Amino acid sequence: MKKQLIRISVLQSSKIMTAMYVLMGFIYSLIGIPMIIFGGKAVKIMGVIYLFGPVFMGLLGFIFFVIFAAIYNALAAWLGGFEVEIKNIE
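Report on the accompanying structure. (Residues numbered from 1 in each chain as written. Predicted model: local features only at pLDDT ≥ 70, side-chain atom pairs only at ≥ 80, totals over all residues. Heavy atoms only, no water.)

For the protein chain, the helix and strand inventory stands at three helices and two strands. Along the protein chain, helices (α) and strands (β) appear in the sequence β-α-α-α-β when read from the amino end. Against the compact-globule benchmark of 12 Å for 90 residues, the protein chain has a radius of gyration of 19 Å, which places it well outside the compact range. Considering only C-alpha atoms, the protein chain reaches an extent of 60 × 35 × 15 Å along its principal axes. Put simply, the protein chain has 90 residues, and 22% of those count as buried. (Helix = DSSP H or I, 4+ residues; strand = E, 2+ residues; numbered from the N terminus. Rg over C-alpha atoms; globule rule 2.2 N^0.38 Å. Buried < 20%, exposed > 50% of the residue type's maximum accessible area, 1.4 Å probe, protein only.)

Before going further, it helps to spend a moment on the packing of helix α1 (residues 10-38) against helix α3 (residues 53-79). Where α1 contacts α3, the axes come no closer than 7 Å and their chain directions differ by 150°. In terms of axis orientation, α1 runs roughly antiparallel to α3. Remark: the crossing between α1 and α3 carries right-handed chirality. Residue classes in the contact of α1 with α3 are distributed as 15 nonpolar, nine polar and no charged. (Axes fitted to C-alpha atoms, helices over the stretch in contact; angles between N-to-C directions. Parallel < 35°, antiparallel > 145°, perpendicular 65-115°, else oblique. Left-handed = near helix turned anticlockwise from the far one by under 90°. Nonpolar A, V, L, I, M, F, W, Y, C, P; charged D, E, K, R; others polar.)

Now for the nonpolar core. Formed by Ile8, Phe65, Ala69, Tyr72 and Ala76, the largest nonpolar core amounts to five residues. In this structure, Ala69 is in contact with Ile8 and Val10, ignoring residues within four places of it in sequence. (Core = buried A, V, L, I, M, F, W, Y, C linked by side-chain atoms within 4.5 Å. Contact = heavy atoms within 4.5 Å.)

A word on the side chain of Ser29. As for its position among the elements, Ser29 is in helix α1. Not counting chain neighbours up to four residues away, the residues in contact with Ser29 comprise Tyr50, Leu51 and Pro54.

A separate point is α3. Its 27 residues give α3 an end-to-end C-alpha distance of 36 Å, which sits within 8% of 39 Å, the value for a rise of 1.5 Å per residue. Taken together, the buried positions of α3 are occupied by Gly53, Pro54, Gly58, Gly61, Phe65, Ala69, Tyr72, Asn73 and Ala76. Taken together, the buried residues of α3 touch β1 (2-5), α1, α2 (41-51) and β2 (82-85). Gly80 sits one or two residues past α3 and shows a positive phi near 100°. (Expected span 1.5 Å × (residues − 1).)

Written out as structure tokens, the structure reads:
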């Protein structure tokens, strides 16, 4: 059975992507903490930037996914959406 994704909810999907980007951003925080503790002056500055990685990634993830979803919706209306095949499993 074929199904087609013709519209992405811009706000709801952007909230989910923001949460995922924030979680991925914590990797930068884990890198930034040792940089702040053990680094020189320039490395400490970079460490602080890394420490705020989740905030930066969440903000940019939200902005860019809003743009992506809007572009996808426009293109899907014109060209058709992603097409996937699914089957029922009982």
